[in-house]
Amino acid sequence: MGNTSNGEAVLFWILAPITVLAALAVVGSKKAVHSALWMAMVMVNLAMFFAVQSAPFLAVAQVVVYTGAVMILFLFVLMLIGVDSSDSLVETIRGQRIAAMLAGIGFGVLMIAGIGNASVDDFNGLTAANSAQGGNVEGLAALIFTRYVFAFEAIGALLITAALGAMVLAHREEIGEKLNQKALSIQRFKDGGIVTPLPAPGVYARHNAVDMPALLPDGTASELSVSPVLRARGDVLEPDDSVAAEASQRAQLGKGSSS
Amino acid sequence: MIRLAASETLIPAPNIEYYELSPILIVFGVGVLAVLVEAFLPRAHRLHAQLALCLTGLVAAFVVVCTLTDEAQENARAVPQKVAAEGAVAIDGMTLFLQGTILLLGVVAVLLLAERRLGGEFAASAATVPGSAAEKETTRLGWVQTEIYPLLMFSIGGMLIFPAANDLLLMFVALEVLSLPLYLLCGLARRRRLLSQEAALKYFLLGAFSSAFFLYGIALLYGYAGSVRLSDINAAVSGSEDNDALLLIGMALLAVGLLFKVGAVPFHAWTPDVYQGAPTPVTAFMAAATKVAAFGALLRVFYVGLGGAKWDWHPMFWGVAMVTMLFGSLVALVQTDVKRMLAYSSIAHAGFILVGLVATNAEGLSATMFYLLAYGFSTIAAFAIISLVRDGSGEATHLSQWAGLGRRSPVVAGMFALLLLAFAGIPLTSGFTAKFAVFSASASAGGTPLIVVGVLSSTVAAFFYIRVIVLMFFSAPVTDGPRVAVPSLTTALAVWIGVAVTVFLGVLPQPVLDLADNASFLIS
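Residues numbered from 1 in each chain as written. Chains lettered and ligands numbered in written order. Predicted model: local features only at pLDDT ≥ 70, side-chain atom pairs only at ≥ 80, totals over all residues. Heavy atoms only, no water.

> Where do I start with the overall build of chain B in this structure?
Helix and strand counts for chain B come out as 20 helices and five strands. Expected size for 524 residues packed as a compact globule is a radius of gyration near 24 Å; at 23 Å, chain B falls within 12% of this value. A principal-axis box enclosing the C-alpha atoms of chain B has dimensions of 80 × 65 × 45 Å. A total of 524 residues make up chain B; the buried ones form 62% of that total. (Helix = DSSP H or I, 4+ residues; strand = E, 2+ residues; numbered from the N terminus. Rg over C-alpha atoms; globule rule 2.2 N^0.38 Å. Buried < 20%, exposed > 50% of the residue type's maximum accessible area, 1.4 Å probe, protein only.)

Here you go:
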């Protein structure tokens, strides 16, 4: 039946190292968002592998389902949880990371030793499988609806369980009557918190984005004017520089006009 | 209108044996109906509707299992041998015996889940933050999270497929179907909710990890045999000698996934934490039914699919069985919490059951099935009794609080003592019959070292079981210690069923032993 074509080999040797590095980056990244993006990269690369190995359906499903839907859901979840709720990266068991790495490397060596032994000279049955029902997708359909029909149907139970579980764990039913806007505003005055809208971020000649706090009359920065999420992420700028820069510019101007 | 082109080949419709599969289909159908009950019935009626629905469904499925066994015995004096659903499900003696066991344990579990008088074991609303005002309010309103019933039914459905799966792909799907609801149920305790949620998360993460191993094993075996069907794998194993590496690694990875589910030693770490944190009825169900299903799958994979490679996996299982028995018994000695103690005891029991599995003969198969039945009922009753011993803050699981319990509530403490004696394998209890069956099967297969280790660890185990009995009956009661709460009828029924089966299988085991003997058939 044929060997691996040159094109496939070239593609593999270019993409495989990238995929492995990206997979390591998934584990190694400190920020969850970065991990998710590396994961997306791994999945797109996998889709390309599937595509060159004559499995077009899997390649498309990989892109649409995993990269498209699952990864975006991951990112949504990260956004909902909020970037400021960070994981503690302190090891609770000493030497755990080293031990895990050693175990991982050991497992990898074992797998390489085992699978490297396999005879991979020829493809076995690929063309037959892809042409049995007239194509790749048709072949898969035939398998799903005959040989694996029971497994396919049993997955329905898994999906219902997943939906039900999400409802049980996350759906909070309203207790009592839902407050309307009037009641909410009365509530806000009763509680005695801030009743006005929060101050807007600072607008300066050189910078007017949301990461720049406004100045209070006494010249200090107003913490309320920037989002606490940005503050937690360490992305808030200090207005001092802008103020100082403007002041120095004004001083320059003043000097110029006087002379 | 789309018309098929003449050249297109039509896929022949699959042949589904609905009758043989109906126990599974009934349980899943009831699960779906139970979800609809959640969606459309007002809160006040849900609990009773769920109870009626689940019990009816489980009993109906059990009746079908009995009829299937019966019919086959009438026809050919043997158990049915049929591969259903295009060869994906093997309906044979072991399948029917274990399905019957799981369904009966499921009935008992539903009875336990239905406990209301003790305030219930499940959170009023699992979505509320522990300790929040919303949690207090929902608890005050007397809400119950009745979604536990459909979740339990889906889990039971998965367990019914797991030992019957004749194809590794279906087995993996069944593993997930049975595990996912259990992960959820573990996190729904009413009291000590953070501990319960931690248990659920641990179980989920470790379970997902072990599923990955299982899947990797399937992939490698597919690479070896070119099929995931057990009969094809068997043919490949017995037919060829080359490229054993794939077979060996695949087999080992498959064993990791399955041994994780039964809680055998290198993969037992989740057991104590999850058993302790989960709501007690869920712990009871997990300890009993999950073991049955997982051992069923283990038996099928290694007897049917990998039977030809027996000499490759045999030594590994010997080692695992020995270590599991010894480790479980020794670590249980130093436990101070009753639930943790029973968790380690369940690890030790997994080892004893493995002794039956490594016998690799019909006797071993029948002994293993009998052990699973006997242990399932004893353990479900033991956890039910633990849920009755309570003080002001809920269950009193610390061993020191159990001191002198026998003087205050002799009946309950007596039943617990009986169950502990069954765990220890004292004659006239089901535990003795089961251990005897397993050891004699192993002896006939030349497993004398295993038996020596087994008897040794039984002795160690007997020590800590009897220590609890001594503590309950012969030490002074602690002041303001826990009381035995009066449960509602359902829990009482569950305890009585468990105790009755334990005694019955100890005194008159023959009919059930015969049943297991007749059922020790595997087909592929």
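From this point, the discussion proceeds with the structure in view.
> Please explain the layout of surface pockets as it appears in this structure.
Unfilled space is identified by rolling a water-sized probe across the atoms. All names here are of chain B. Taken as a whole, the second largest pocket holds about 380 Å³ of empty space. Taken together, 21 residues line the second largest pocket, and the ones lying closest to its centre are F62, C66, F97, G100 and L515. If you list the elements that add at least two residues to the lining of the second largest pocket, you get α2 (43–76), α3 (93–113), α14 (362–386), α19 (489–507) and α20 (510–519). Counted by class, the lining of the second largest pocket contains 14 nonpolar, six polar and one charged residues. (1 Å grid on protein atoms, 1.4 Å probe; cavity = no way out; pocket = protein on both sides within 12 Å on 5 of 7 lines; lining within 4 Å. Points joined across faces, edges and corners; volume = space filled by probe spheres on them. Nonpolar A, V, L, I, M, F, W, Y, C, P; charged D, E, K, R; others polar.)

> What is the right way to look at the pattern of salt bridges in this model?
Pairs can form between side chains of opposite charge once their charged atoms are near each other. Residue and element names in this part refer to chain B. Evaluation of the coordinates by the stated rule reveals 12 salt bridges over all chains. Ionic pairing is found between R193 and E135, a salt bridge with its closest N-O pair at 3.0 Å. With R193 in helix α7 (residues 193–225) and E135 in helix α4 (residues 133–140), this pair connects stretches of sequence that are 58 residues apart. Both residues of the pair, R193 and E135, count as buried. One salt bridge in this structure joins D167 and R229, with 2.7 Å as the shortest N-O distance. One end of the pair, D167, is in the loop between α5 (148–161) and α6 (168–186); the other, R229, is in the loop between α7 and α8 (230–239), and 62 residues separate them in sequence. For D167, a relative accessible area of 1% corresponds to the buried category. (Salt bridge = Lys/Arg side-chain N within 4 Å of Asp/Glu carboxyl O.)

> How should I be thinking about the interface of chain A and chain B in this particular structure?
With 35 residues of chain A in contact, the opposing surface of chain B contributes 53 residues. Buried surface at the junction of chain A and chain B, summed over both partners, amounts to about 3500 Å²; 78% is from carbon and sulfur atoms. The interface formed by chain A and chain B holds one salt bridge in total. One salt bridge in this structure joins R147 of chain A and D232 of chain B, with 3.4 Å as the shortest N-O distance. Taken together, the connections running from chain A to chain B amount to three residue pairs in polar contact (both at pLDDT 80 or more). Elements with a minimum of two residues in the side of chain A that touches chain B: α4 (96–116), α6 (136–147) and α7 (149–170) of chain A. Here the residues of the side of chain A that touches chain B sort into 23 nonpolar, eight polar and four charged. (Contact = heavy atoms within 4.5 Å. Buried area = accessible area lost by both parts, 1.4 Å probe. Polar contact = N/O pair within 3.5 Å; in protein donor to acceptor, adjacent residues only side chain to side chain.)

> I'm lost on the packing of aromatic side chains in this one. Help?
Residue and element names in this part refer to chain B. Applying the stated criterion across every chain yields a total of 24 aromatic pairs over all chains. Where W313 meets F317, the ring centres are 5.4 Å apart and the plane angle is 85°; that geometry is what we call edge-to-face. Highlighted residues: W313 and F317, both in helix α12 (residues 310–333), separated by four residues, approximately one helical turn. Aromatic rings pair up to connect Y183, Y203, F204, F260, W270, Y275 and F383 into one cluster. One Lys or Arg, R43, reaches over the ring of W143 and ends 3.7 Å from the middle of that ring. One cation-aromatic arrangement involves K435 over F352; the distance from NZ or CZ to the ring centre is 4.5 Å. (Phe/Tyr/Trp six-rings, centres within 6.5 Å; stacked < 30°, edge-to-face > 60°. Lys NZ or Arg CZ within 6 Å of the ring centre and 35° of its normal.)

> What is the right way to read the sheet that holds strand β5 (residues 483–484) of chain B from this model?
Whether parallel or antiparallel, the strands of a sheet pair through hydrogen bonds between backbone atoms. Residue and element names in this part refer to chain B. The strand order β4-β3-β5 describes an open sheet built from three strands, whose pairing is antiparallel. Of all strands in the sheet, those bounded by a partner on one side alone are β4 (394–395) and β5. Sheet topology note: the strand β3 (residues 389–391)/β5 ladder contains two bridges and is antiparallel. Considered in β5, the bridge of R390 is made with R483. (Pairing = 2+ DSSP bridges.)

> Is there a simple way to think about unusual backbone geometry in this case?
Most peptide bonds take the trans form, and the phi angle of most residues other than glycine is negative. Residue and element names in this part refer to chain B. One non-glycine residue, A85, lies in the positive phi region at around 50°. Among the structural elements, A85 can be located in the loop between β1 (82–84) and β2 (89–91). Here A85 falls in the buried class, since its relative accessible area comes to 0%. A positive phi angle, close to 55°, is found at E86, a residue other than glycine. With respect to the helices, strands and loops of the structure, E86 is situated in the loop between β1 and β2. Taking the relative accessible area as the measure of exposure, E86 reaches 30% and is therefore partly exposed.

> Whenever I open this one, α19 of chain B confuses me. Can you help?
Along an α-helix, a turn takes 3.6 residues, which lines up residues three or four apart on a common side. Residue and element names in this part refer to chain B. For α19, which comprises 19 residues, the first-to-last C-alpha distance of 26 Å matches the rise-based estimate of 27 Å (1.5 Å per residue) to within 8%. Taken residue by residue, α19 has T490, T491, A494, V495, G498, V499, V501, T502, L505 and G506 as its buried positions. Summarising the contacts, the buried residues of α19 are in contact with α3, α14, α16 (410–424), α17 (430–444) and α20. (Expected span 1.5 Å × (residues − 1).)

> Just checking my understanding: could you explain the side chain of T138 of chain B for this structure?
Examined against the element boundaries, T138 of chain B turns out to sit in helix α4. With a relative accessible area of 1%, T138 of chain B lands in the buried category. Once you skip the residues sitting within four places of it in the chain, T138 of chain B turns out to touch I175 of chain A together with A124, S125, T128 and W143 of chain B.

> Mind showing me how you'd approach the side chain of S346 of chain B here?
Position of S346 of chain B among the secondary structure elements: in helix α13 (residues 338–357). If we ignore the near neighbours within four places in the chain, the residues touching S346 of chain B are T271, Y275, K291 and Y375 of chain B.

> I would appreciate a short explanation of the environment of A321 of chain B in the present structure.
Residues and elements named next belong to chain B. Take A321: it is sitting in helix α12. Residue classification places A321 among the buried positions, given a relative accessible area of 0%. Setting aside residues up to four positions removed in sequence, A321 forms contacts with G351, L354, V355 and L450.

> Teacher, can you tell me more about the state of the cysteines here?
What we call a disulfide is simply a covalent bond connecting the sulfur atoms of a pair of cysteines. All names here are of chain B. According to the stated counting rule, one finds zero disulfides over all chains in the structure shown. Free cysteine: C54, not disulfide-bonded; nearest cysteine sulfur from C186 at 18 Å. Classification of C54 by relative accessible area gives buried; the value is 0%. C54 provides the cysteine sulfur closest to C66, a residue in no disulfide bond, and the two sulfurs are 19 Å apart. Residue classification places C66 among the partly exposed residues on the basis of a relative accessible area of 35%. (Disulfide = S-S within 2.5 Å.)

> What is the right way to look at empty space enclosed by the protein in this model?
All names here are of chain B. On inspection of all chains with the given rule, the structure shows three cavities of 30 Å³ or more. Considering only enclosed or pocket space, the largest cavity measures out at about 80 Å³ in volume. Surrounding the largest cavity, 14 residues form its lining, L113, R116, F122, V144 and I148 being those nearest its centre. Class assignment of the residues belonging to the lining of the largest cavity gives a composition of seven nonpolar, three polar and four charged. Of the volumes computed, that of the second largest cavity is approximately 60 Å³. Lining the second largest cavity, in full, are L112, E115, L118, E121, T280, P281, F383, A384, S387 and T491. Secondary structure elements with two or more residues in the lining of the second largest cavity: α11 (280–305) and α14. Here the residues of the lining of the second largest cavity are counted per class, giving five nonpolar, three polar and two charged.

> Before we go on, may I ask you to explain a nonpolar patch on the surface in this structure?
All names here are of chain A. On the surface, V10, I14, I18, W38 and M41 cluster together into a nonpolar patch covering about 430 Å² of accessible area. Mapped by element, the contributors of at least two residues to the nonpolar patch are α1 (6–28) and α2 (32–52). For W38, the position within the fold is in helix α2. (Patch = residues over 30% accessible without salt bridge, like charges linked within 9 Å, V, L, I, M, F, W, Y side chains within 5 Å. Areas by Shrake-Rupley, 256 points an atom, 1.4 Å probe, with all protein chains shown as cover.)

> Would you mind showing me how to read the packing of α3 of chain B against α14 of chain B here?
Any two packed helices are characterised by how steeply their axes cross, that is the angle between the axes, and by the distance between the axes. All names here are of chain B. It is the contact of α3 with α14, at a shortest axis distance of 11 Å, that shows an interaxial angle of 0°. Viewed along their axes, α3 and α14 adopt a mutual orientation that is roughly parallel. Between α3, through M94, F97, L98, T101, L104, L105, V108, A109 and L112, and α14, the contact on the second element is made entirely by L365, M369, F370, L372, L373, G376, F377, I380 and A384. In the contact of α3 with α14, the residues fall into 16 nonpolar, two polar and no charged. (Axes fitted to C-alpha atoms, helices over the stretch in contact; angles between N-to-C directions. Parallel < 35°, antiparallel > 145°, perpendicular 65-115°, else oblique.)

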